[in-house]
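Each chain, letter by letter, is given below.
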Amino acid sequence: MFLFIIRRILTLIPILLAVSFIVFGILRLSPIDPAFAYLTQSQIPPTQEALELTRIELGLDKPFFVQYGIWLKNILSFDFGISYVTKRPVLDDILYYLPTTLNLAFLSMFVVIIFGIALGVLGAIKKDSIIDKSLGVFSFFCVSMPSFWFGFCLIYVFTIYFGILSPYEELSLYSYILPVATLSLMSLGINTRLVRVSFLEHKSQRSTLYALARNLNKSTINKKVLYTSLLPIVTSLGMHFGELLGGAVVVEILFGLPGFGRYAVSAIYSHDYPVIQAFMIIMVLIFVILNLMVDILLAYLNPQIRYQKAKNEA
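The residue numbers shown here count from 1 along each chain, following its written sequence. Only residues with pLDDT of at least 70 get local features here, since the model is predicted, and only at 80 or more are side-chain atom pairs given and counted; chain-wide, interface and lining totals rely on the full set of residues. Working from all heavy atoms in the structure, the side-chain values ignore hydrogens and water.

(A) The pattern of salt bridges, seen in detail. Salt bridges are defined by distance alone: a side-chain nitrogen of Lys or Arg within 4 Å of a carboxyl oxygen of Asp or Glu. Going through the model one piece at a time under the given rule, you end up with four salt bridges. Ionic pairing is found between Arg193 and Asp132, a salt bridge with its closest N-O pair at 4.0 Å. Taken as a pair, Arg193 in helix α9 (residues 185–203) and Asp132 in helix α6 (residues 130–144) lie far apart in primary sequence, 61 residues in all. Relative accessibility decides the category of a residue: with a 1.4 Å probe and only protein chains considered, values under 20% of the type maximum give buried, values over 50% give exposed, and everything between is partly exposed. Accessibility expressed as a relative area gives 30% for Arg193, which makes it partly exposed. Assessed through its relative accessible area of 5%, Asp132 is described here as buried. Within the structure, one salt-bridge network assembled from shared partners comprises Asp132, Arg193 and Arg196. The helix and strand labels rest on DSSP assignments: H or I over at least four residues marks a helix, E over at least two residues marks a strand, and numbering proceeds from the N terminus.

(B) Quick peek at the nonpolar core. Buried residues of nine kinds, namely Ala, Val, Leu, Ile, Met, Phe, Trp, Tyr and Cys, make up a nonpolar core once their side-chain atoms join them within 4.5 Å. Core analysis: the largest hydrophobic core is formed by 67 residues, its most contacted members being Ile94, Leu104 and Phe260. Of the residues forming this core, the biggest block, 11 residues, is contributed by helix α5 (residues 90–125).

(C) Geometry of the environment of Leu188. Positionally, Leu188 belongs in helix α9. For the pair Leu188 and Gly116, spaced 72 residues apart in sequence, the C-alpha separation works out to 5.4 Å.

(D) Fine view of the packing of α5 against helix α12 (residues 230–255). Interaxial angle, 0 to 180 degrees, is taken between N-to-C directions of lines fitted to C-alpha atoms, where a helix line uses only the stretch in contact. At their nearest, the axes of α5 and α12 sit 9 Å apart, and the two run at 130 degrees to each other. Between α5 and α12, the angle is such that the two are oblique. As α5 packs across α12, the resulting crossing turns out to be right-handed. Seen from α5, the contacting residues are Thr101, Leu102, Leu104, Ala105, Phe106, Ser108, Met109, Val112 and Ile113; seen from α12, they are Leu237, Phe241, Leu244, Leu245, Ala248, Val251 and Glu252. Classifying every residue of the contact of α5 with α12 gives 13 nonpolar, two polar and one charged. Reported orientations rely on four angle classes, namely roughly parallel under 35 degrees, roughly antiparallel over 145, roughly perpendicular from 65 to 115, and oblique for the rest. Each crossing gets its handedness from the near helix: less than a right angle anticlockwise from the far helix is left-handed, clockwise is right-handed. Only heavy atoms matter for contacts: two residues are in contact if any of them lie within 4.5 Å across the pair. When residues are grouped by polarity, Ala, Val, Leu, Ile, Met, Phe, Trp, Tyr, Cys and Pro land in nonpolar, Asp, Glu, Lys and Arg in charged, and all others, Gly among them, in polar.

(E) Region of the structure containing the packing of α5 against α6. Interaxial distance between α5 and α6 falls to 8 Å at its minimum, and their mutual angle equals 140 degrees. Relative to α6, α5 is oriented oblique. The two elements α5 and α6 meet at a crossing, and its hand is left-handed. Taken together, the residues of α6 that come into contact with α5 (itself represented by Leu119, Leu122 and Gly123) are Ile131, Asp132, Leu135 and Phe138. When its residues are assigned to classes, the contact of α5 with α6 shows five nonpolar, one polar and one charged.

(F) Structural detail: the packing of aromatic side chains. Geometry of aromatic contacts follows a simple scheme: Phe, Tyr and Trp rings, the Trp one being its six-membered ring, pair when their centres are within 6.5 Å, and the pair is stacked under 30 degrees between planes, edge-to-face over 60, tilted otherwise. This model, assessed by the stated rule, comprises 16 aromatic pairs. Here the aromatic rings of Phe24 and Trp71 are separated by 5.3 Å at their centres, their planes lie at 35 degrees, and the arrangement is tilted. Here Trp71 lies in helix α4 (residues 64–76) and Phe24 lies in helix α1 (residues 2–28), a separation of 47 residues in the sequence. Each member of the pair, Phe24 together with Trp71, is buried. Each ring, one from Tyr161 and one from Phe162, has its centre 5.0 Å from the other, and the planes form 85 degrees; the classification is edge-to-face. Taken as a pair, Tyr161 and Phe162 share a single burial class, namely exposed.

(G) Representation of helix α13 (residues 260–269). Taken as a whole, α13 has its buried residues at Phe260, Gly261, Tyr263, Ala264 and Ala267. Angularly, the buried residues of α13 cover 160 degrees about the axis, an arc narrow enough to put them on a single face. Buried residues in α13 make contact with α5, α12 and α14 (273–301). After α13 finishes, the residue His271 shows a positive phi value of roughly 55 degrees. Note that the arc is computed from the directions linking the helix axis to the C-beta atoms.

The structure is reproduced here in structure tokens:
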């Protein structure tokens, strides 16, 4: 298992290097000159002389690969540069905004895991009953309802009509209730149906039918079936966590949360290149770490996976 983890980590290094090069290159293809954006945000007239001096100050006069090398070296030392807008180190802003986004994503993921598995297993156990059909309608509603519209409905009902659960107050666990409900809606519906299908598929296997024929405890059988059903569920949850991070941008804007996504959107509008580069790199890093964790968990649940990968690599 240890060698499997080491091999997976080593394969991530070239991926991160390639992504960092693409991120740096794409932003350099933008029609907006970073020096012009810097001067505009600093409220300095972008004269030709000012542009040339700014390019020298920002290192934009150097060859492309030299710029990339300097930027990559700074990134590895957690130096993301200075924001054109706030004039503060980007790392300081990230440490302020990122926890809100991670809290929102983790709380939403917790809701998806707990309720998705519970409702999915309930639907499988009560197959074709009124409960199962009701959960099917509920899942269809979750997938069909746009998150931003559902968020507006929650604000109108709970904040405006009843005067409770205002998301615009001081940041606390209380203010996360409506944003978490909005963000987790679609993933909850998808994973509820996935758990149901996976549970029923493994429940119909011969080993389970044999255990039922021997009149073993149904609760014990259901626990074993759920354990063997976890592989597709874990894969789905890993992908949905990435979707929750991406969807957090809309939810943060809708509910006024001071999150990393909202901070990045404002940086895009103001052409704040250091912030945009930092945002893209950090999001990619989070996605890569999530995939690594999913692979490790899958290999732990099913040792055949790591043995097969080791055999293929050999």
